[in-house]
Amino acid sequence: MSSVSRTLRVLAADDSAVMRGVMRTVFQLHAANEYKTLPRMELCGVARNGVEALEAVRTLAPDVLLLDLEMPGLNGLGVLEKLRTIAPRLPVIMCSAHTQRGARSTLEALAAGAKDYVMKPGQQRDFAAALDQLMEELLPKIAALAGTGMAPMRNVRRELSPLHHKAGDRIELVVIGVSTGGPSALETMLPMLPADFPAPIMLVQHMPKLFTGALADRLDRLCPLNVRQARHGDILKPGTIWLAPGDSHMEIAASRGEHVVSLHHGPMLNSCKPSVDYLFRSAAEMYGAGALALIMTGMGADGLDGALAIRSAGGTVIAQDQASSAVWGMPGRVSRAGLAEATVPLGLLAQELIRRTRAGRQVRNPAVPGVSIRQEVIHGVL
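Parameters and conventions
Residues numbered from 1 in each chain as written. Predicted model: local features only at pLDDT ≥ 70, side-chain atom pairs only at ≥ 80, totals over all residues. Heavy atoms only, no water. Phe/Tyr/Trp six-rings, centres within 6.5 Å; stacked < 30°, edge-to-face > 60°. Helix = DSSP H or I, 4+ residues; strand = E, 2+ residues; numbered from the N terminus. Buried < 20%, exposed > 50% of the residue type's maximum accessible area, 1.4 Å probe, protein only. Contact = heavy atoms within 4.5 Å. Pairing = 2+ DSSP bridges. Axes fitted to C-alpha atoms, helices over the stretch in contact; angles between N-to-C directions.

Peer 1: I'd like to hear about the packing of aromatic side chains, residue by residue, with values.
Peer 2: Applying the stated rule across the entire model yields 1 aromatic pair. With centroids separated by 4.6 Å and ring planes inclined at 15 degrees, the aromatic side chains of Y117 and F211 adopt a geometry described as stacked. Taken together, the residues Y117 in strand β5 (residues 116-119) and F211 in helix α7 (residues 209-222) connect sequence positions 94 residues apart. Looking at Y117, the relative accessible area reads 6%, which means it is buried. A residue is classified by how much of its surface remains accessible, and F211, at 0% relative accessible area, is buried.

Peer 1: Summarise helix α9 (residues 304-312); cite the residues concerned and give the values.
Peer 2: What α9 keeps buried is the set L304, G306, A307, L308, I310 and R311. Considering only its buried residues, α9 is in contact with β6 (173-178), α8 (276-287), β12 (291-295), β13 (316-320) and α10 (330-336). One or two positions beyond α9, positive phi appears at G314, with a value near 95 degrees.

Peer 1: Run through the side chain of T240, naming residues and quoting values.
Peer 2: Tracing the backbone shows T240 in strand β9 (residues 240-243). On the basis of relative accessible area, T240 is assigned to the buried category, the value being 10%. Setting aside chain neighbours within four positions, we find T240 in contact with P200, I201, L225, N226 and R228.

Peer 1: Quick rundown of the sheet that holds strand β8 (residues 226-229)? Include the residues and the values.
Peer 2: The strand order across the open sheet built from 7 strands is β8-β9-β7-β6-β12-β13-β14, with neighbouring strands paired in parallel fashion. Edge positions in the sheet fall to β8 and β14 (342-344), since each has one partner strand and no second. Strand-to-strand twist of the sheet, defined as the mean angle between neighbouring strand axes without regard to direction, takes the value 20 degrees. Relative to β9, strand β7 (residues 201-205) is paired through 3 bridges, and the arrangement is parallel. Opposite L203, over in β9, you have L243 as the bridge partner. Across the sheet, helix α6 (residues 182-189) is in contact with β6, β7 and β12; its angle to β7 comes to roughly 155 degrees.

Just distances and angles here, no functional claims.
Next comes the structure, spelled out in structure tokens:
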């Protein structure tokens, strides 16, 4: 049974009577089934618009708010803005429509402070299956964002290479894995990387394809580096961040002397597609000690086995710290397994990537135009 003794209180705000009914059904089924791996939850209230939602937050003090984007009067983005004042710590999960507009609006909401999102049941013929899928996605997110979703740690074999890189080793590829809380964290970190960042970057964010395309476009507008949704056969070169499409696993292949993006539609791994483990294992195989893996905020264990592969191949693994993570599931597992050389706050991750990728390279001395300096590989020293 769950170690949580208190029942989690959830507030749902949606102008659709059908969707409010769906939410009632979700929590009734959860109470009847008594999922052993999740805490008890109840729908403590429903709101029909943004004004009612804010009043219910004040009077009901929920643990999590489920928030629709499109509501009459005060919409979801307006609610998020006012929550910064009245309940800045309240975790919010957006309920998104299956549309391109819904994807863009959801990304705006995540940037405005929402922690995660779920897709509303669409117009599927099998509504029962759609409801089951909603429950499988929503309930663990509520538990995780309420601070109760940490599963027991797996034991990991500690057959690892030394922590310190050998002189002469250089980072030739950066791979990033992120999930819950990822879009806003990426919007904070990636714009801090300069246009002359010396290694290509490959990124897995757990999202459906409808969202990954919109996320790539949004990040591209914010970042000095180019950000694009990856295509099969793209040549990996510095200056670009490749984001895995939401319906494909992303790996690395060799073609005519170049490293290229390889996309495939293999089975889900860790209940994810794309999976961080696919990318990290491929980076370990193709780049060895030249791979640097960053594991960021997210629930679950995706990336743990891949981080072990990178460390075993002589590469580097760093993790986002707990205080700055929306959910310290993925980075927490990597850190607790002893795989991370450093655990770094979100605001310093870009600086850490710059420091490590510039080590051992000729870089321009900003104080003396036209003069280069040699940075030696000295672990832990700027």
